[in-house]
Amino acid sequence: MIFTVDLEDHLSAIEPLKKRPYKLCLDCKEAVFWILAQLQVYNVKAIFYVLGMIYEKDLIEEIKSGGHIIGSHGFYHFKGERINDNSNSLAIKTLNGDLHTKYRSPYWFSTKRPGKAGGFYLRAYPYSQLKDELIRTGVLYLHPHDITLGEPANKNPYYWLKRHLGLHTSRAKVVQLLKEIKFDGP
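**Q** Even after reading the chapter, I still don't get the overall build of the protein chain, so can you show me in this structure?
**A** Check the secondary structure of the protein chain and you find 7 helices and 4 strands. The secondary structure elements of the protein chain, listed N-terminal to C-terminal, are β-α-β-α-β-α-α-α-β-α-α. Among the 186 residues that make up the protein chain, the fraction classed as buried is 49%. When contacts within the protein chain are restricted to residue pairs at least 6 apart in sequence, long-range pairs at least 24 apart make up 66% of them. Of the roughly 9,100 Å² that the protein chain leaves accessible, carbon and sulfur atoms contribute 55%.

**Q** Which parts of the structure should I look at to understand unusual backbone geometry?
**A** Leaving glycine aside, a negative phi is the common case for residues, and trans is the common case for peptide bonds. Look at Asn 43: it is not a glycine, yet its phi comes out positive at around 50 degrees. Residue Asn 43 is classed as exposed on the basis of its relative accessible area, which comes to 61%.

**Q** Just checking my understanding: could you explain the packing of helix α5 (residues 127–137) against helix α7 (residues 167–180) for this structure?
**A** When two helices pack together, you describe them by how their axes are tilted relative to each other and by the distance separating the axes. Between α5 and α7, the shortest axis-to-axis distance is 11 Å and the interhelical angle comes to 50 degrees. The angle between α5 and α7 places the two elements in the oblique class. The hand of the α5/α7 crossing is right-handed. Within the contact between the two elements, α5 uses Tyr 127, Leu 130, Lys 131 and Leu 134 and α7 uses Lys 173, Gln 176, Leu 177 and Glu 180. Of the residues in the contact of α5 with α7, the class split is 4 nonpolar, 1 polar and 3 charged.

**Q** I keep staring at the packing of helix α1 (residues 26–41) against helix α2 (residues 57–65) and nothing clicks. Help me out?
**A** The interhelical angle for the contact between α1 and α2, taken along N-to-C directions, is 10 degrees, at an axis separation of 11 Å. Between α1 and α2, the crossing angle belongs to the class labelled roughly parallel. Relative to α2, the crossing made by α1 is left-handed. Side by side, α1 and α2 meet where Val 32, Phe 33 and Leu 36 of the first sit next to Leu 59, Glu 62 and Ile 63 of the second. Taken together, the residues of the contact of α1 with α2 sort by class into 5 nonpolar, no polar and 1 charged.

**Q** Help me understand the sheet that holds strand β2 (residues 46–50), please; the structure alone is not making it clear to me.
**A** Pairing is parallel in the open sheet, where 4 strands are placed in the order β3-β2-β1-β4. The sheet is open, and its two borders are formed by β3 (69–72) and β4 (139–142), each paired with just one other strand. Strand-to-strand twist across the sheet, computed as the mean angle between neighbouring axes with direction ignored, equals 25 degrees. Examined bridge by bridge, strand β1 (residues 2–7) and β4 share 4 bridges and lie parallel to one another. Counted as the bridge partner of Phe 3 is Leu 140 from β4.

**Q** Is there a simple way to explain the nonpolar core in this structure?
**A** Within soluble globular proteins, side chains that are nonpolar tend to cluster in buried spots. Ranked by size, the top nonpolar core spans 35 residues in total, and within it Phe 3, Ile 35 and Phe 48 carry the most contacts. When residues in this core are grouped by element, the largest group, 6 residues, is from α1. The contact partners of Ile 35, leaving out residues within four places of it in the chain, are Phe 3, Val 5, Phe 48, Leu 142 and Ile 147.

**Q** Honestly, a nonpolar patch on the surface in this entry has me stumped. Any pointers?
**A** A grouping of Phe 120, Trp 160, Leu 161 and Leu 165 is seen on the molecular surface, where their side chains present a nonpolar patch of about 350 Å² in accessible area. The residue Leu 165 is located in the loop between α6 (157–164) and α7 in this model. Of the residues examined, Leu 165 reaches a relative accessible area of 34% and is grouped as partly exposed.

**Q** Honestly, the environment of His 73 in this entry has me stumped. Any pointers?
**A** Mapped onto the elements, His 73 comes out in the loop between β3 and α3 (86–96). The exposure class of His 73 is buried, given its relative accessible area of 2%. With 29 residues separating them in the primary sequence, His 73 and Lys 102 have C-alpha atoms 8.8 Å apart.

Criteria and cut-off values
- Residues numbered from 1 in each chain as written.
- Predicted model: local features only at pLDDT ≥ 70, side-chain atom pairs only at ≥ 80, totals over all residues.
- Heavy atoms only, no water.
- Helix = DSSP H or I, 4+ residues; strand = E, 2+ residues; numbered from the N terminus.
- Buried < 20%, exposed > 50% of the residue type's maximum accessible area, 1.4 Å probe, protein only.
- Contact = heavy atoms within 4.5 Å.
- Areas by Shrake-Rupley, 256 points an atom, 1.4 Å probe, with all protein chains shown as cover.
- Axes fitted to C-alpha atoms, helices over the stretch in contact; angles between N-to-C directions.
- Parallel < 35°, antiparallel > 145°, perpendicular 65-115°, else oblique.
- Left-handed = near helix turned anticlockwise from the far one by under 90°.
- Nonpolar A, V, L, I, M, F, W, Y, C, P; charged D, E, K, R; others polar.
- Pairing = 2+ DSSP bridges.
- Core = buried A, V, L, I, M, F, W, Y, C linked by side-chain atoms within 4.5 Å.
- Patch = residues over 30% accessible without salt bridge, like charges linked within 9 Å, V, L, I, M, F, W, Y side chains within 5 Å.
- Salt bridge = Lys/Arg side-chain N within 4 Å of Asp/Glu carboxyl O.

In structure tokens:
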């Protein structure tokens, strides 16, 4: 079993980063530090797929210092981004110091979705169904906004439901999975 995190903010899948100033929100940072603390408690190593636009040295160093792997999740979180895009190559070199890394494309465009054990499904599925899906697929994936305590309001009812459904139970589900599942690491 592998534990993965797509390091992006609340708006990455809703509003392209090129069209707005970028800074990782405090709620998302808090969620990342909560994830890191839980991984340390349960001695689990993870892959953090980081957007190239999110180069926050202190956060990346904190992730690396826990023995976790940094991978690329694209640069802007656009559909169609690929690992060999120039901006992605630059981001990967900046994050890791070399070009050898793991890659997960935004929206699963050029990488296969590892089932439904994470993201929206982490929040929406009952725990038993989520656990069964994780056992079936072998990969848990989540985003900071899947467990944040401060998901911002959204005027679009579809996005509001998609981002708020199950938030009140998501952290407990993550902890329960860490207690019950043996994650082998990346």
